[in-house]
Amino acid sequence: RKEVEQDPGPFNVPEGATVAFNCTYSNSASQSFFWYRQDCRKEPKLLMSVYSSGNEDGRFTAQLNRASQYISLLIRDSKLSDSATYLCVVRETNAGKSTFGDGTTLTVKP
Amino acid sequence: NAGVTQTPKFRVLKTGQSMTLLCAQDMNHEYMYWYRQDPGMGLRLIHYSVGEGTTAKGEVPDGYNVSRLKKQNFLLGLESAAPSQTSVYFCASRRDNLAVNEQFFGPGTRLTVL
(Lines give C-alpha, C1' and ligand atoms only; values in the text may rest on other atoms or scores of the structure.)
Protein backbone atom coordinates (compact mmCIF):
# COMPACT_ATOMS: atom_id res chain seq x y z
CA ARG A 1 0.00 0.00 0.00
CA LYS A 2 1.31 3.46 -0.86
CA GLU A 3 1.94 5.91 1.96
CA VAL A 4 -0.18 8.54 0.25
CA GLU A 5 -3.05 7.61 -2.04
CA GLN A 6 -5.20 9.92 -4.09
CA ASP A 7 -8.44 9.56 -5.98
CA PRO A 8 -7.74 8.04 -9.38
CA GLY A 9 -8.43 10.52 -12.15
CA PRO A 10 -9.06 12.05 -14.44
CA PHE A 11 -11.88 14.33 -13.35
CA ASN A 12 -13.63 16.05 -16.25
CA VAL A 13 -16.08 18.73 -15.15
CA PRO A 14 -17.90 21.66 -16.77
CA GLU A 15 -17.12 25.23 -15.86
CA GLY A 16 -18.88 26.29 -12.70
CA ALA A 17 -18.99 22.80 -11.22
CA THR A 18 -17.89 21.88 -7.72
CA VAL A 19 -15.32 19.09 -7.50
CA ALA A 20 -13.72 17.36 -4.54
CA PHE A 21 -10.50 15.37 -4.27
CA ASN A 22 -9.61 13.03 -1.45
CA CYS A 23 -6.24 11.84 -0.25
CA THR A 24 -5.50 9.18 2.38
CA TYR A 25 -2.24 8.67 4.23
CA SER A 26 -1.00 5.67 6.17
CA ASN A 27 1.60 7.18 8.51
CA SER A 28 -0.14 8.30 11.68
CA ALA A 29 2.96 10.36 12.57
CA SER A 30 2.20 12.72 9.67
CA GLN A 31 1.67 16.23 10.97
CA SER A 32 1.77 18.62 8.04
CA PHE A 33 -0.33 18.43 4.92
CA PHE A 34 -0.33 20.34 1.67
CA TRP A 35 -1.98 20.52 -1.71
CA TYR A 36 0.29 21.38 -4.63
CA ARG A 37 -0.79 22.19 -8.16
CA GLN A 38 1.18 21.04 -11.16
CA ASP A 39 0.53 22.30 -14.66
CA CYS A 40 1.50 20.15 -17.62
CA ARG A 41 5.29 19.71 -17.82
CA LYS A 42 5.86 22.37 -15.15
CA GLU A 43 7.11 22.27 -11.59
CA PRO A 44 4.69 21.76 -8.67
CA LYS A 45 3.63 24.89 -6.82
CA LEU A 46 2.02 25.18 -3.42
CA LEU A 47 -1.74 25.67 -3.64
CA MET A 48 -2.46 25.63 0.07
CA SER A 49 -1.44 24.14 3.36
CA VAL A 50 -4.06 22.12 5.23
CA TYR A 51 -4.73 23.04 8.83
CA SER A 52 -6.41 20.96 11.51
CA SER A 53 -9.45 23.21 11.65
CA GLY A 54 -9.79 23.29 7.87
CA ASN A 55 -9.05 26.34 5.81
CA GLU A 56 -10.37 28.24 2.86
CA ASP A 57 -8.71 30.36 0.19
CA GLY A 58 -11.23 31.85 -2.18
CA ARG A 59 -12.87 29.03 -4.12
CA PHE A 60 -10.63 26.40 -2.53
CA THR A 61 -11.34 24.64 0.77
CA ALA A 62 -9.06 22.10 2.41
CA GLN A 63 -10.12 19.75 5.21
CA LEU A 64 -8.21 17.35 7.44
CA ASN A 65 -9.62 14.33 9.22
CA ARG A 66 -6.90 12.93 11.48
CA ALA A 67 -9.03 10.10 12.86
CA SER A 68 -9.63 8.69 9.38
CA GLN A 69 -6.26 9.89 8.05
CA TYR A 70 -7.48 11.72 5.01
CA ILE A 71 -7.43 15.20 3.62
CA SER A 72 -9.65 16.73 1.00
CA LEU A 73 -9.65 19.61 -1.44
CA LEU A 74 -12.89 21.21 -2.62
CA ILE A 75 -12.96 23.51 -5.61
CA ARG A 76 -16.11 25.57 -6.10
CA ASP A 77 -17.17 27.36 -9.28
CA SER A 78 -14.48 25.65 -11.39
CA LYS A 79 -12.64 27.75 -13.94
CA LEU A 80 -10.90 26.63 -17.12
CA SER A 81 -7.67 27.77 -15.48
CA ASP A 82 -8.14 25.21 -12.68
CA SER A 83 -7.25 22.44 -15.14
CA ALA A 84 -4.10 20.86 -13.71
CA THR A 85 -2.86 17.95 -11.64
CA TYR A 86 -3.33 18.28 -7.89
CA LEU A 87 -0.76 16.61 -5.65
CA CYS A 88 -1.36 15.67 -2.04
CA VAL A 89 1.72 15.94 0.21
CA VAL A 90 2.20 14.77 3.78
CA ARG A 91 5.12 15.29 6.13
CA GLU A 92 6.05 14.02 9.59
CA THR A 93 6.80 16.53 12.31
CA ASN A 94 10.01 18.36 11.46
CA ALA A 95 11.00 15.58 9.11
CA GLY A 96 13.47 16.19 6.35
CA LYS A 97 11.33 14.66 3.67
CA SER A 98 7.78 14.72 2.36
CA THR A 99 5.70 12.06 0.67
CA PHE A 100 3.80 12.90 -2.49
CA GLY A 101 0.70 11.25 -3.87
CA ASP A 102 0.57 10.37 -7.56
CA GLY A 103 -1.78 13.26 -8.26
CA THR A 104 -5.31 13.72 -9.53
CA THR A 105 -5.83 15.32 -12.91
CA LEU A 106 -8.64 17.82 -13.34
CA THR A 107 -9.90 19.05 -16.68
CA VAL A 108 -12.46 21.85 -16.66
CA LYS A 109 -14.37 22.15 -19.92
CA PRO A 110 -16.38 25.07 -21.30
CA ASN B 1 15.53 36.42 -6.41
CA ALA B 2 15.78 33.67 -9.00
CA GLY B 3 14.44 31.10 -6.53
CA VAL B 4 15.45 27.57 -7.52
CA THR B 5 17.21 27.10 -10.84
CA GLN B 6 18.25 23.92 -12.61
CA THR B 7 20.86 23.27 -15.28
CA PRO B 8 20.46 21.94 -17.93
CA LYS B 9 16.78 22.11 -18.93
CA PHE B 10 17.03 19.24 -21.42
CA ARG B 11 19.58 16.51 -22.07
CA VAL B 12 19.84 13.38 -24.17
CA LEU B 13 22.36 10.75 -23.11
CA LYS B 14 23.45 7.41 -24.47
CA THR B 15 23.42 4.39 -22.18
CA GLY B 16 26.56 4.34 -20.07
CA GLN B 17 27.33 8.05 -20.29
CA SER B 18 27.62 10.15 -17.19
CA MET B 19 26.33 13.59 -16.33
CA THR B 20 25.73 15.99 -13.49
CA LEU B 21 22.58 18.00 -12.89
CA LEU B 22 23.02 21.26 -11.04
CA CYS B 23 20.49 22.82 -8.69
CA ALA B 24 21.01 26.27 -7.22
CA GLN B 25 18.91 28.29 -4.79
CA ASP B 26 19.36 31.87 -3.65
CA MET B 27 16.94 31.81 -0.69
CA ASN B 28 19.50 30.62 1.89
CA HIS B 29 17.47 27.44 2.43
CA GLU B 30 18.91 24.66 4.55
CA TYR B 31 17.10 21.71 2.97
CA MET B 32 17.40 20.63 -0.65
CA TYR B 33 15.91 17.70 -2.55
CA TRP B 34 16.14 15.81 -5.80
CA TYR B 35 13.01 14.11 -7.17
CA ARG B 36 12.19 12.24 -10.33
CA GLN B 37 8.77 12.18 -11.95
CA ASP B 38 7.75 9.57 -14.47
CA PRO B 39 4.66 9.91 -16.69
CA GLY B 40 1.41 9.68 -14.75
CA MET B 41 3.16 9.40 -11.44
CA GLY B 42 3.93 11.59 -8.51
CA LEU B 43 7.34 12.71 -7.38
CA ARG B 44 9.72 10.15 -5.93
CA LEU B 45 12.55 11.31 -3.71
CA ILE B 46 16.03 10.34 -4.88
CA HIS B 47 18.31 12.04 -2.34
CA TYR B 48 18.05 15.00 -0.04
CA SER B 49 20.22 17.21 2.13
CA VAL B 50 19.46 18.85 5.47
CA GLY B 51 22.43 21.19 5.32
CA GLU B 52 25.76 21.95 3.72
CA GLY B 53 27.99 18.90 3.64
CA THR B 54 25.18 16.44 4.42
CA THR B 55 23.23 14.07 2.18
CA ALA B 56 20.73 11.27 2.75
CA LYS B 57 19.05 8.63 0.63
CA GLY B 58 15.46 8.92 -0.40
CA GLU B 59 13.04 6.42 -1.86
CA VAL B 60 14.88 5.65 -5.13
CA PRO B 61 18.62 6.40 -4.66
CA ASP B 62 20.15 3.59 -6.73
CA GLY B 63 22.15 4.76 -9.74
CA TYR B 64 22.49 8.33 -8.43
CA ASN B 65 24.97 10.20 -6.28
CA VAL B 66 24.73 13.68 -4.79
CA SER B 67 26.90 16.32 -3.23
CA ARG B 68 26.19 19.49 -1.24
CA LEU B 69 29.56 21.21 -0.95
CA LYS B 70 27.99 24.66 -0.84
CA LYS B 71 24.74 25.57 0.86
CA GLN B 72 23.25 27.04 -2.28
CA ASN B 73 24.07 24.14 -4.61
CA PHE B 74 22.92 20.53 -4.75
CA LEU B 75 24.38 18.32 -7.48
CA LEU B 76 22.88 15.09 -8.78
CA GLY B 77 25.19 12.72 -10.63
CA LEU B 78 24.48 9.78 -12.90
CA GLU B 79 27.67 7.74 -13.25
CA SER B 80 26.42 5.33 -15.90
CA ALA B 81 23.07 6.34 -17.34
CA ALA B 82 20.42 3.69 -18.10
CA PRO B 83 17.17 3.98 -20.10
CA SER B 84 15.24 3.48 -16.83
CA GLN B 85 16.59 6.86 -15.74
CA THR B 86 14.69 8.65 -18.47
CA SER B 87 12.53 11.02 -16.48
CA VAL B 88 11.89 14.60 -15.45
CA TYR B 89 14.09 15.62 -12.53
CA PHE B 90 12.96 18.30 -10.12
CA CYS B 91 15.05 19.98 -7.49
CA ALA B 92 13.43 21.63 -4.48
CA SER B 93 14.49 23.57 -1.42
CA ARG B 94 12.96 24.32 1.97
CA ARG B 95 13.94 26.94 4.51
CA ASP B 96 14.42 24.68 7.55
CA ASN B 97 13.03 21.67 9.35
CA LEU B 98 9.77 23.22 10.46
CA ALA B 99 7.17 20.84 9.15
CA VAL B 100 4.87 23.63 7.99
CA ASN B 101 7.38 25.16 5.61
CA GLU B 102 6.67 24.65 1.93
CA GLN B 103 9.08 23.35 -0.68
CA PHE B 104 10.00 25.51 -3.64
CA PHE B 105 10.69 23.69 -6.88
CA GLY B 106 12.94 24.36 -9.82
CA PRO B 107 11.62 24.18 -13.40
CA GLY B 108 12.86 20.64 -13.99
CA THR B 109 15.39 18.87 -16.20
CA ARG B 110 14.05 16.57 -18.90
CA LEU B 111 16.48 13.70 -19.37
CA THR B 112 16.27 11.05 -22.06
CA VAL B 113 18.62 8.06 -22.01
CA LEU B 114 18.81 6.16 -25.30
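Model, not experiment: these values are computed from the prediction.

Draft legend 1. Local environment of the sheet that holds strand 7 (residues 65–67) of chain B. Residue and element names in this part refer to chain B. The four strands are arranged 1-3-8-7 in an open sheet whose pairing can be described as antiparallel. Across the chains shown, the open sheet's two edge strands, defined by having one partner strand only, are strand 1 (4–7) and strand 7. In this sheet, neighbouring strand axes are inclined to one another by 20 degrees on average, regardless of whether the strands run parallel or antiparallel. In this sheet, strand 8 (residues 73–78) lies alongside strand 7 in antiparallel orientation, the contact comprising three bridges. Residue pairing for strand 8: Val66 is matched across the bridge by Leu76.

Draft legend 2. The nonpolar core, seen in detail. Grouped together as the largest cluster of nonpolar side chains are 23 residues, with contacts concentrated most on Phe21(A), Trp35(A), Ile71(A), Leu73(A), Ile75(A), Tyr86(A) and Leu106(A). Of all the elements in the fold, those that place two or more residues in this core are strand 3 (19–25), strand 4 (30–38), strand 5 (45–50), strand 7 (60–65), strand 8 (70–75), strand 9 (84–92) and strand 11 (104–109) of chain A. Judged by nonpolar contacts, the second largest core, of 18 residues, contains Trp34(B), Tyr64(B), Leu78(B) and Ala81(B).

Draft legend 3. Here's a closer look at the side chain of Ser49(B). Residues and elements named next belong to chain B. Note on placement: Ser49 falls in strand 5 (residues 43–49). A residue is classified by how much of its surface remains accessible, and Ser49, at 0% relative accessible area, is buried. At 2.9 Å, the side chain of Ser49 and the backbone oxygen of Gly51 are in polar contact. Among all residues touching Ser49, those that are not within four sequence positions of it are Glu30, Tyr31, Met32, Thr54, Thr55, Arg68 and Phe74.

Draft legend 4. Broad picture of the packing of aromatic side chains. If you walk through the whole model with that rule in mind, you get 13 aromatic pairs over all chains. Ring geometry for Tyr36(A) against Phe105(B): centres 5.9 Å apart, planes inclined by 85 degrees, an arrangement best described as edge-to-face. Remark: Phe105(B) occurs in strand 10 (residues 104–105) and Tyr36(A) occurs in strand 4; the pair is interchain, linking two chains. By the burial criterion, Tyr36(A) is buried, and Phe105(B) matches it. For the ring pair Phe90(B) and Phe105(B), a centre distance of 6.5 Å and an interplane angle of 85 degrees mean the geometry is edge-to-face. With Phe90(B) in strand 9 (residues 87–94) and Phe105(B) in strand 10, the pair connects residues that are 15 residues apart, well separated along the chain. With respect to burial, Phe90(B) and Phe105(B) carry one shared label: buried. These aromatic residues form a ring-pair network of at least three members: Phe34(A), Tyr36(A), Phe100(A), Tyr33(B), Tyr35(B), Tyr48(B), Phe90(B) and Phe105(B).

Draft legend 5. Up close: the state of the cysteines. Residue and element names in this part refer to chain A. As enumerated under the stated definition, the model contains two disulfides over all chains in all. Disulfide partner of Cys23: Cys88, at an S-S distance of 1.9 Å. Handedness of the Cys23-Cys88 disulfide follows from its S-S torsion of about -75 degrees: it is left-handed. Taken together, the residues Cys23 in strand 3 and Cys88 in strand 9 connect sequence positions 65 residues apart. The same class applies to Cys23 and to Cys88, which are both buried.

Cut-off values and rules
- Residues numbered from 1 in each chain as written.
- Chains lettered and ligands numbered in written order.
- Predicted model: local features only at pLDDT ≥ 70, side-chain atom pairs only at ≥ 80, totals over all residues.
- Heavy atoms only, no water.
- Pairing = 2+ DSSP bridges.
- Helix = DSSP H or I, 4+ residues; strand = E, 2+ residues; numbered from the N terminus.
- Axes fitted to C-alpha atoms, helices over the stretch in contact; angles between N-to-C directions.
- Core = buried A, V, L, I, M, F, W, Y, C linked by side-chain atoms within 4.5 Å.
- Buried < 20%, exposed > 50% of the residue type's maximum accessible area, 1.4 Å probe, protein only.
- Polar contact = N/O pair within 3.5 Å; in protein donor to acceptor, adjacent residues only side chain to side chain.
- Contact = heavy atoms within 4.5 Å.
- Phe/Tyr/Trp six-rings, centres within 6.5 Å; stacked < 30°, edge-to-face > 60°.
- Disulfide = S-S within 2.5 Å.

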